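Chain and residue survey
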Amino acid sequence: MELKDIKGIGEKRIQILKNKGINSGEDLAMYFPKTYYDLNSKETFKEDGKYKLINCEVTGDVKLVRIKKTFNYSYAECTDIENNSFKAVWYNQPYIKNAIKTGDKLYLYGKNSNTKHNYFVVSSFRNHNKIQEGTNLLPVYRTFGGLGQTTLSSIINDAVQEIETPTYLPEFFEEKQFTLSLKKAIKTIHSPNSLEELHSAKERLDIENILPYIKISEDLKNNKNLKKQQKYVNFDDIYNKFCDFLPYKLTDSQLEVLSDIKKDFYSSSPMNRLVQGDVGTGKTIVALITCAVCVKSGYNAVLIAPTEILAKQHYQEATNYFNQLGLNVLFLSSSTKAKERKEIVSIFNSLEPTLLIGTHSCLSDDLDMSRTGLLIIDEQHRFGVKQRSAILDKNSTIDFLMLSATPIPRSMSIVYYGGLDVSLLNNPPKEKQIQTNIVSPQKENDMWNFIENKIQDGSKVYVVCANIDDNDDDFYQGLSVKSMYDKLCKRFSKDIVLMAHGKQDGETENKTLSLFRNSDYKILVSTTIIEVGVDVKNADIMVIVSPEKFGLATMHQLRGRVGRAGQQAYCFCLSQNISEKSADRILFFKENLNGFDIAEFDYKSRGSGNLLGTTQHGKTEDIFELISLNTFNKAKDIYEKLKEEYNTDEVFEKSLLFNKLSFKTLN
Ligand code: ADP
Ligand code: MG
């Protein structure tokens, strides 16, 4: 369904939606609420500083107070359901004056004062007369690009009514196995009558998401019965050569992992191994030694990284070692020019064994995988099921190694890594020294002063924001990459501040990152594009802006970017909108450095068993983030039934939703 066919969407809105990656009615229907308000909430106004949903009536006209050019607030007298009166306050939203009038009935979500000032700071609100009668749980969407809550709800609802929702499951099978069709589930998510309904809808969706993963792990298991062609030699020989020129000694952990890989290499069936190790445990060198053995044995090897910058980094390191060993190494990405690309492909397809390092481009069809012995995928636990199958299609006996720093809780790892053998890299080569601080808005300036001093001593600083543009999320004005960049250019100087984000083209992004690494720039303001792998040795300060917007796993990754040379490093969590619940999470993050502990905590606190656990104040949180083990087990049963009756290869061939529904992990 095309966007233009939805009521209320014109050219301008189409553009806004497209910028957000929403290109069709189906995409719009998949834009899920960030939370729900329980409209039956009986909360009343109290001076307790807590977040609440309050049902109230406006008793006086809105007044607008302008403090300075960039700061104003609006307020209105209101009474709650027990007739307590209080002032509702909106910061920097002068249009409120026209949107609300005396006598209006409102649902307000926000925070009570706790200073006897009798005010309630509104973070979002809805007018009773804009809500369909009989609604109990009101979906709340993350607004963006100037599309308000009401508009967004209305166009999404329209889209949901109209779309054809293609489950990839055979129709008859869906009917038989599920009480809720995928289409109905998606509808329900946008207008649930109760938590129970929402729970079932989420489960239906999760199962749709998990089935492909179960399929791929089955395929991997079956593929263990195959006999591989490639025969490796010289593992120890290559390893010893590396030891001669490496500037450090491998850790015991690294040696153990290498010995697992060596066993897989010499085995007659293909390797399917995951190396899981926290950031900084030294996975790259393990991968490169493995690649060298493969190439030396006469086969191609392919190493794929999630971003171009990371791939380049691996390439630089590999070139250094491979030159000393007299082995070939090439680089390929989507920004490789056509002519050069042709050459690279032709070398790769020739008889000369080569290590090819790059991004997803390395999987394109013109590369002949038949002489490739080894495929390594770095830092992509969400690597598309389809792409993984595609590789197996091309060469089913390839040795496959995955590297991941994402500590998936043990109970979830089966979903992601089912069918893979796991080696753990436990100990980092150097114990990290990182101090984490939570910084309130009042202390922000002290933080920049501290940073200024550190910069003079040679520090480099990352500042990571959740949004690129202020327009991307209306609740986070002034906290986007672009705003922060402007602010820091003023606070410091534009000669030392850089900005990088995903809306830049690849080339600019890479240039920026390499400038940050290799020149006198000191501060890099960016989105989480630096989350994985980027290695700038003298970066020792990480500022995470609005940490409540990130999963702890992501924050842990970010923190792993600093102090990489073992120096004292700092991580600052600059927070403005922290609810009690996120405060607990961030506090845990502050106190804990171990990635597994953090992932386990994140998983539990965000409610594994109890996905829809409402908090006391009438708001559900994070429900689309995680999948419960119970759901996973149900999915497994359903998969078994599917297998009995259908050819699963054909079923999953049709899984149009793979890309859209690729389920979220802990970040
Ligand atoms: P990750 O596991 O996060 O991918 P890297 O492979 O990027 O970690 O390694 C992190 C840093 O540690 C790199 O600078 C690397 O050169 C260094 N390193 C790796 N192994 C060792 C070791 N055994 N001793 C000292 N430094 C090491
Ligand atoms: Mg790495």
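All values reported here derive from a predicted model rather than from experimental measurement. Throughout this description, residue numbers start from 1 for each chain and increase along the sequence as written. For naming, the first written chain is A and the first written ligand is 1, with later ones following in the order written. Per-residue local features of the predicted model are confined to residues with pLDDT of at least 70, and side-chain atom pairs are confined, for both listing and counting, to 80 or more; whole-chain, interface and lining totals are unaffected and use all residues. The basis for the side-chain values is all heavy atoms of the structure; hydrogens and waters are excluded.

**Some details on the site of ligand 1**
Which entries qualify depends on this criterion: Any residue with a heavy atom positioned within 4 Å of a molecule or strand is treated as near that molecule or strand. The definition of a polar contact used here is a pair of N or O atoms within 3.5 Å, where within protein one atom must be able to donate a hydrogen and the other to accept one, and adjacent residues in sequence count solely through side-chain atom pairs. Shrake-Rupley sampling with a 1.4 Å probe provides the accessible areas, and residues are treated as covered by the protein chains on show and by no other component. Here the nonpolar group is Ala, Val, Leu, Ile, Met, Phe, Trp, Tyr, Cys and Pro; Asp, Glu, Lys and Arg are the charged ones; every other residue, Gly included, is treated as polar.
Around ligand 1 there are 17 residues in total, and K249, Q254, G280, K283 and T284 lie nearest to it. Interatomic distance of 3.0 Å between a side-chain N/O atom of K537 and an oxygen atom of ligand 1. Protein chains bury 88% of the 570 Å² of accessible surface belonging to ligand 1 in isolation. Here the shell around ligand 1 is built from residues that sort into four nonpolar, six polar and seven charged.

**Here's the deal with the packing of aromatic side chains**
To keep it simple, the criterion reads: Two rings belonging to Phe, Tyr or Trp (six-membered ring only in the last case) form a pair when the distance between their centres is within 6.5 Å. Interplanar angles under 30 degrees mark stacking, angles over 60 mark edge-to-face geometry, and anything in between is tilted. Think of it in three bands: residues with accessible area under 20% of the maximum for their type are buried, residues over 50% are exposed, and the middle band is partly exposed, with areas taken using a 1.4 Å probe on protein chains only. Counting from the N terminus, the helices are DSSP H or I runs at least four residues long and the strands are E runs at least two residues long. Criterion for a charge above a ring: Arg CZ or Lys NZ at most 6 Å from the ring centre, at most 35 degrees from the ring normal.
Counted by the stated rule, this structure contains 21 aromatic pairs. Ring geometry for Y73 against Y75: centres 6.2 Å apart, planes inclined by 35 degrees, an arrangement best described as tilted. In this structure Y73 comes out as partly exposed when scored by relative accessible area, which is 24%. Taking the centre distance of 6.0 Å and the plane angle of 65 degrees together, the rings of F86 and F120 count as edge-to-face. One end of the pair, F86, is in strand β5 (residues 85-91); the other, F120, is in strand β7 (residues 119-127), with 34 residues separating them in the sequence. By the burial criterion, F86 is buried, and F120 matches it. Members of the aromatic cluster, each reached through a chain of ring pairs, are Y232, F235, F265 and Y299. Across from the ring centre of F178, 3.9 Å away, lies the NZ or CZ of R204, which sits over that ring. Geometry around F589 places R559 over its ring, the cationic atom sitting 3.7 Å from the centre.

**Notes on the pairing of strand β8 (residues 137-140)**
Here is the rule we go by: Two strands are said to pair when DSSP picks up at least two bridges between them.
Along β8, one buried face is formed by L137 and P139 and the opposite face, lined by L138 and V140, is buried too. Note that strand β1 (residues 35-38) and β8 share four bridges and pair antiparallel. The residue of β8 that forms the bridge with D38 is L137.

**Brief notes about the confidence of the model for the protein**
Quick reminder of the rule: What pLDDT conveys is the predictor's confidence in a given residue, as a value from 0 to 100. Contacts between residues were defined by any pair of non-hydrogen atoms, one from each residue, lying within 4.5 Å.
This prediction gives the protein a mean pLDDT of 84; 88% of its residues lie at or above 70. When pLDDT is averaged over each element of the protein, strand β12 (residues 354-358) comes out on top at 97 and strand β22 (residues 619-621) at the bottom at 36. Every residue in residues 656-667 scores below 50 in pLDDT, and together they form 49 contacts with partners more than four places removed in sequence or on other chains.

**Examining helix α1 (residues 11-19)**
The line we're drawing: The arc refers to the directions leading from the helix axis to the C-beta atoms.
Those residues of α1 that fall on the buried side of the exposure criterion are I14, I16 and L17. Each buried residue of α1 lies within a common arc of 165 degrees when the element is viewed along its axis, so the set occupies one face. Opposite the packed face of α1, turned more than 90 degrees from it, sit the exposed residues E11, K12 and N19. The positive-phi residue at the C-terminal boundary of α1 is G21, with phi of around 80 degrees.

**Some details on unusual backbone geometry**
Phi at N118 takes a positive value of approximately 65 degrees, unusual for a residue other than glycine. Positioned with a positive phi, S546 is a non-glycine residue whose angle comes to about 50 degrees. On the accessibility criterion, S546 (3% relative accessible area) is buried.

**Concerning the sheet that holds strand β21 (residues 568-574)**
Definition in use: Each axis is a line fitted through C-alpha atoms, taken for helices only over the stretch in contact, and angles between the N-to-C directions span 0 to 180 degrees.
Strand order across the open sheet formed by six strands is β16-β21-β20-β17-β19-β18, with parallel pairing between neighbours. Each of the sheet's edge strands pairs with one partner strand only, and the pair in question is β16 (433-439) and β18 (497-500). Neighbouring strand axes in the sheet, compared pairwise and without regard to direction, differ in orientation by 20 degrees on average. For β18 and strand β19 (residues 523-526), the ladder comprises four bridges, and the chain directions are parallel. Bridging from a neighbouring strand, A500 pairs with S526 of β19. Helix α16 (residues 481-491) contacts β17 (460-464), β18, β19, β20 (539-545) and β21 of the sheet and is inclined by roughly 175 degrees relative to β18. Relative to β20, helix α18 (residues 552-559) is tilted by about 155 degrees, and along the sheet it contacts β16, β17, β20 and β21.

**Notes on the sheet that holds strand β10 (residues 300-304)**
Strand order in the open sheet formed by seven strands is β11-β12-β10-β13-β14-β9-β15, with parallel pairing between adjacent strands. Of all strands in the sheet, those bounded by a partner on one side alone are β11 (328-332) and β15 (421-425). Taking the axes of each pair of neighbouring strands and ignoring which way they run, one obtains an average angle of 20 degrees across the sheet. With five bridges connecting them, β10 and strand β13 (residues 372-378) associate as parallel partners. Opposite N300, over in β13, you have T372 as the bridge partner. Against the sheet, helix α10 (residues 283-296) contacts β9 (272-277), β10, β12, β13, β14 (399-404) and β15, and its axis sits at roughly 170 degrees relative to β13. Contacts between helix α12 (residues 338-349) and the sheet are confined to β10, β11, β12 and β13, with β11 contributing the most and set at about 140 degrees to the helix.

**With respect to α12**
The test is simple: By this rule, a helix spans an expected 1.5 Å times one less than how many residues it contains.
Helix length check: α12 (twelve residues) gives 16 Å between terminal C-alpha atoms against 16 Å at 1.5 Å per residue, within 8%. The elements touched by buried residues of α12 are β10, β11, β12 and β13.

**Quick notes on the nonpolar core**
Counted only if it meets this: Buried Ala, Val, Leu, Ile, Met, Phe, Trp, Tyr and Cys residues form a nonpolar core when they are joined through side-chain atoms within 4.5 Å.
Among the nonpolar cores identified, the biggest contains 42 residues, and F242, F322, L355 and L374 are the most heavily contacted of them. When residues of this core are assigned to their parent elements, the largest contribution, ten residues, is made by α10. Excluding residues that lie within four positions of it along the chain, F242 makes contacts with I285, L288, I289, A292, Y321 and L325. Among the nonpolar cores identified, the runner-up in size contains 31 residues, and L17, Y31, L198 and L205 belong to it.

**A closer look at the side chain of K228**
Within the secondary structure layout, K228 lies in the loop between α7 (195-223) and α8 (235-245). Taking relative accessible area as the criterion, K228 reaches 7% and is therefore assigned buried. There is a polar contact of 2.9 Å between the side chain of K228 and the backbone oxygen of D264. Of the polar contacts made by the side chain of K228, one reaches the backbone oxygen of F265; its length is 3.2 Å. Leaving out residues up to four positions away in the same chain, K228 has contacts with D264, F265, S267, S268, S269, P270, M271, T397 and D399.

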